Amino acid sequence: MRALRLLLVLVGCLIPPLALAQSAPDVRIVVDVSGSMKQNDPQNLRASALGFAATLLPPSARSSIWTFGTTVANPLPSGGVDDQWRERAGGLASQLTDYQQFTDIERALRQAAGAGPDSPDRHLILLTDGMVDLPASGAEKSRLDTASRQRIIEELAPDLASRNVVVHPIALSDNVDLPLLEQVAQTTGGLAAIANTPEELLRAFLDVLDRILPGDQIPIDDQQRFTIDDDIDEFNALLFHASGSDSPVLVGPQGQRYSHDDHPGSVEWLGNDRYDLITVPNPMPGEWRIEGEVGSDSRIGIHADIVLRSQSLPATLYRGFSTPLDVWLEEDGQTLAADELPAGLSVRAELRDMDGGILAQTTLAPKQAHFRGELPGADQLGNARLAIIARSDRLIRQQVQTVNVVAAMSAELSQDGTRIVVRANHPDLNADNTRLSASLTGNPLDVRQSGEREWTIEVPQTDPNESLPVEITAEAQIDGRTLHFDLPIVRLNPDAAVDLSGADLERGVASQSRERDDSASNDDSEAFSDGLTPSQMADVAVDKAHQGWQFARPYVESYAQRPVTWLVIAAILLLWLLLRWRRAARRRRLARRSEPSL
């Protein structure tokens, strides 16, 4: 209960006043109560999720709670998020262990999204282990599960997107059908996340709320400093820290120290084992700093007259494709004219990985009181944070939203292993402007168009004991530019005994936001060359080099300027080749000794 009271205050502090004045969002929380949750959610994080939802949602929102398994129920109908609604939501935790045998995700999404009221700003937060599991058995069950999964991807998700229904899936276990959840989020404009702990769940909810009701922040630099300007009426610091460590200390511009046990009466300070929330009204302008190590998810939210605004930032970015941005400043709801902007104002956009490393960045050019530009496409797939920073001598404003960087196209092997289906993820790619080519161990494969944004590659029958990589490349003509890119490698016979380097395939749509590296086999020394022809080995070596470069590129570019780096690499490579040669020679000698005499 103490944590819930803390989060009640969190709502008022983290949701900016301007956001509360916007159209009220309709947030529908859809909770999995299927039997698989016994294993995939042993901590019952769903109960924590309801508590977080009951407290994190702003009073201006409408919300409802749904449960699903074999059937779908609506234990808490849509209503305003007031004290009565929060109390009823908090009392639903016991219903989450009334498990049902199966998991009908399709029915749950259809009923929760289609129920009244017909709000213009609907968001579904789906809490699940994400595995379609329908009532049936044997071959019929496999057919029904696959058909439902495909309807979700190909019919339901596009229909929800056309009705402005956004789905934010939060996976409560690593044992999820992650590609399915990511595909639904990508199609509807939502954000997908994985939460294995209550802390991760809180952060996932905060990331989702940042998308539903974006608010202004000010950045915390590497020395844990932040700058307050005279336009800021209040700031709230949400500071994450290691469990069991002391709460951080705030130090003001004139050396004033604010701690959990010693702070002015006007300052609200609520502590938790893993984070602290500090609200400081009418803060002194100047440089503030934080004493004590805080986590990278920490943030300083502000209430101010001058705020940063932008066109809706996408939840999904595509590798190799730039993202257009349009940003401006507002005061009291009105766009500041060019002659009203702070002197020396510059606006930057940065895409950072979850550790804070820069993946892409650009400076936006001023034009008629707006700042516009394109953020270059990033090579690294996965979760990232998109930050827009406006900075002048007078003020700093920042907006940060979590995004997924995905491949522009996805490929999957059919269940019978006879064909590969390639689909365009990027909305501008289609059969009219995109050409594909594919090869298996150097031999070209036939590629045929099978839909407006879909292609089929027929693959020959191969030795079922060999897992072979299929390379797929694409060339697209968009806006007068020619783009070339490689798709993640698809493997034939992925479960074969001879396991070559290549990208793992997930069931159904391959996960595009997380590349998987399966170059480490169960026995690296024995699998290095057994059962492969020289051409296959060369093909695999090229595949491995390509994957390795995609992973190592950011680090190589950083260290390549240091001569000692190349000396170390050369020494390691020489040693590796020597060990390989000695091991191969020893195997040849043993093989000759074991040959029988005739």
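Residues numbered from 1 in each chain as written. Predicted model: local features only at pLDDT ≥ 70, side-chain atom pairs only at ≥ 80, totals over all residues. Heavy atoms only, no water.

Undergrad: What's the story with the sheet that holds strand β11 (residues 257-258) in this structure? I'm lost.
TA: Hydrogen bonds along the backbone pair up the strands of a sheet, which may run parallel or antiparallel. Read across the sheet, four strands follow the order β8-β14-β10-β11 without closing on themselves; strand pairing throughout is antiparallel. The open sheet has two edge strands, β8 (225-228) and β11, and neither has a second partner. Pairing of strand β10 (residues 249-251) with β11 involves two bridges; the strand directions are antiparallel. Among the inter-strand pairings, Val251 is bridged to a residue of β11, identified as Arg257. (Pairing = 2+ DSSP bridges. Helix = DSSP H or I, 4+ residues; strand = E, 2+ residues; numbered from the N terminus.)

Undergrad: Just checking my understanding: could you explain the confidence of the model for the chain for this structure?
TA: Confidence in the prediction for the chain averages 81 pLDDT; 81% of positions are at 70 or higher. When mean pLDDT is compared element by element in the chain, β10 scores highest at 97, while helix α10 (residues 524-527) scores lowest at 35. Every residue in residues 1-13 scores below 50 in pLDDT, and together they form 34 contacts with partners more than four places removed in sequence or on other chains. In this model, residues 549-559 is a region of pLDDT below 50 whose contacts with residues beyond four sequence positions or in other chains number six contacts. (pLDDT = per-residue confidence, 0-100. Contact = heavy atoms within 4.5 Å.)

Undergrad: How should helix α6 (residues 105-114) be read in this particular structure?
TA: Every α-helix winds through 3.6 residues per turn, so residues three or four apart in the chain are directed the same way. Buried residues of α6: Ile105, Glu106, Ala108, Leu109, Ala112 and Ala113, and no others. The buried residues of α6 occupy an angular sector of 165° when projected down its axis, which confines them to one face. (Buried < 20%, exposed > 50% of the residue type's maximum accessible area, 1.4 Å probe, protein only. Arc of directions from axis to C-beta.)

Undergrad: For this particular structure, what's the right way to read the nonpolar core?
TA: Across soluble globular proteins, you tend to see nonpolar side chains buried next to one another. Counting 39 residues, the largest nonpolar core has Ile29, Leu127, Ile170 and Leu201 as the members making the most contacts within it. Counting only elements with at least two residues in this core, the list comes to β1 (26-32), α4 (45-56), α5 (83-90), β4 (122-128), α9 (198-212), β9 (232-240) and β13 (275-281). Excluding anything up to four places from it in sequence, Ile170 contacts Ile125, Leu126, Leu127, Thr128, Ala193, Ala195, Leu201, Ala204 and Phe205. In this structure, Val422, Ala431, Leu468 and Val490 belong to the second largest nonpolar core, which totals 30 residues. (Core = buried A, V, L, I, M, F, W, Y, C linked by side-chain atoms within 4.5 Å.)

Undergrad: When you look at a nonpolar patch on the surface in this model, what are you seeing that I'm missing?
TA: On the surface, a cluster of nonpolar side chains totalling about 300 Å² of accessible area is made up of Leu573, Trp576 and Leu577. Here Leu573 shows up in helix α12 (residues 563-593). (Patch = residues over 30% accessible without salt bridge, like charges linked within 9 Å, V, L, I, M, F, W, Y side chains within 5 Å. Areas by Shrake-Rupley, 256 points an atom, 1.4 Å probe, with all protein chains shown as cover. Salt bridge = Lys/Arg side-chain N within 4 Å of Asp/Glu carboxyl O.)

Undergrad: What's the story with unusual backbone geometry in this structure? I'm lost.
TA: One can expect most non-glycine residues to show negative phi and most peptide bonds to be in trans. Of note, the amide linkage connecting Gly116 to Pro117 takes the cis form, showing an omega dihedral of -5°. Its location among the elements puts Pro117 in the loop between α6 and β4. Non-glycine residue Asn282 carries a positive phi angle of around 45°. Looking at the element boundaries, Asn282 is found in the loop between β13 and β14 (286-291). Positive phi, normally seen in glycine, also occurs at Thr441, with a value near 45°.

Undergrad: Just to check I follow, could you spell out α9 for this structure?
TA: Given a rise of 1.5 Å per residue, 15 residues ought to cover 21 Å, and the 21 Å separating the end C-alpha atoms of α9 matches this to within 8%. In terms of residue burial, α9 counts as a mostly covered element, since 11 of its 15 residues are buried. Every buried residue of α9 is listed here: Leu201, Leu202, Ala204, Phe205, Leu206, Asp207, Val208, Leu209, Asp210, Arg211 and Ile212. (Expected span 1.5 Å × (residues − 1).)

Undergrad: Please clarify how the packing of helix α7 (residues 138-162) against helix α8 (residues 178-188) should be interpreted in this entry.
TA: A pair of packed helices is captured by two measures, namely the crossing angle of their axes and the spacing between those axes. For the pair α7 and α8, interaxial distance at closest approach is 8 Å and the crossing angle is 20°. Viewed along their axes, α7 and α8 adopt a mutual orientation that is roughly parallel. Like other packed secondary-structure pairs, α7 and α8 cross with a definite hand, here right-handed. Counted together, Arg149, Ile152, Ile153, Ala157, Pro158, Leu160 and Ala161 of α7 and Pro179, Leu180, Gln183, Val184, Thr187 and Thr188 of α8 form the full contact between these two elements. (Axes fitted to C-alpha atoms, helices over the stretch in contact; angles between N-to-C directions. Parallel < 35°, antiparallel > 145°, perpendicular 65-115°, else oblique. Left-handed = near helix turned anticlockwise from the far one by under 90°.)

Undergrad: Sorry if this is basic, but what is going on with the sheet that holds strand β6 (residues 193-194) here?
TA: Spatial strand order, β3-β2-β1-β4-β5-β6: six strands in an open sheet with mixed pairing. What marks the edges here is a single partner per strand, and that holds for β3 (72-80) and β6. Pairing of strand β2 (residues 62-68) with β3, which is carried by five bridges, proceeds in the antiparallel orientation. Residue pairing in the sheet places Ile65 in a bridge with Leu76 of β3. In the packing of α6 onto the sheet, the strands contacted are β1, β2, β3, β4 and β5 (165-171), and the crossing angle to β4 comes to about 150°. Across the sheet, α8 touches β4, β5 and β6, and the angle it forms with β5 is around 155°.

Undergrad: I'm lost on the packing of α6 against α7 in this one. Help?
TA: Look at α6 against α7: their axes get within 10 Å of each other, and the N-to-C directions meet at 20°. Put simply, α6 runs roughly parallel to α7. The handedness of the crossing between α6 and α7 is left-handed. Contact residues: Ile105, Glu106, Leu109, Arg110 and Ala113 in α6; Ser148, Arg151, Ile152, Glu155, Leu156 and Leu160 in α7. Tallied by class, the residues present in the contact of α6 with α7 amount to six nonpolar, one polar and four charged. (Nonpolar A, V, L, I, M, F, W, Y, C, P; charged D, E, K, R; others polar.)

Undergrad: How should I be thinking about the pattern of salt bridges in this particular structure?
TA: It is possible for side chains of opposite charge to pair when their charged atoms get near one another. Under the defined criterion, the tally for this structure stands at 29 salt bridges. One salt bridge in this structure joins Glu154 and Arg423, with 3.4 Å as the shortest N-O distance. A residue pair is termed long-range when its members are at least 10 positions apart, and Glu154 in helix α7 and Arg423 in strand β26 (residues 419-424) qualify at 269 residues. Where Arg385 meets Asp207, a salt bridge forms, and the shortest distance between an N and an O atom there is 3.2 Å. Of this pair, Arg385 sits in strand β23 (residues 382-391) while Asp207 sits in helix α9, and the two are 178 residues apart along the sequence. Note on Arg385: relative accessible area 15%, which makes it buried. According to the relative accessible area criterion, Asp207 is buried, its value standing at 9%.

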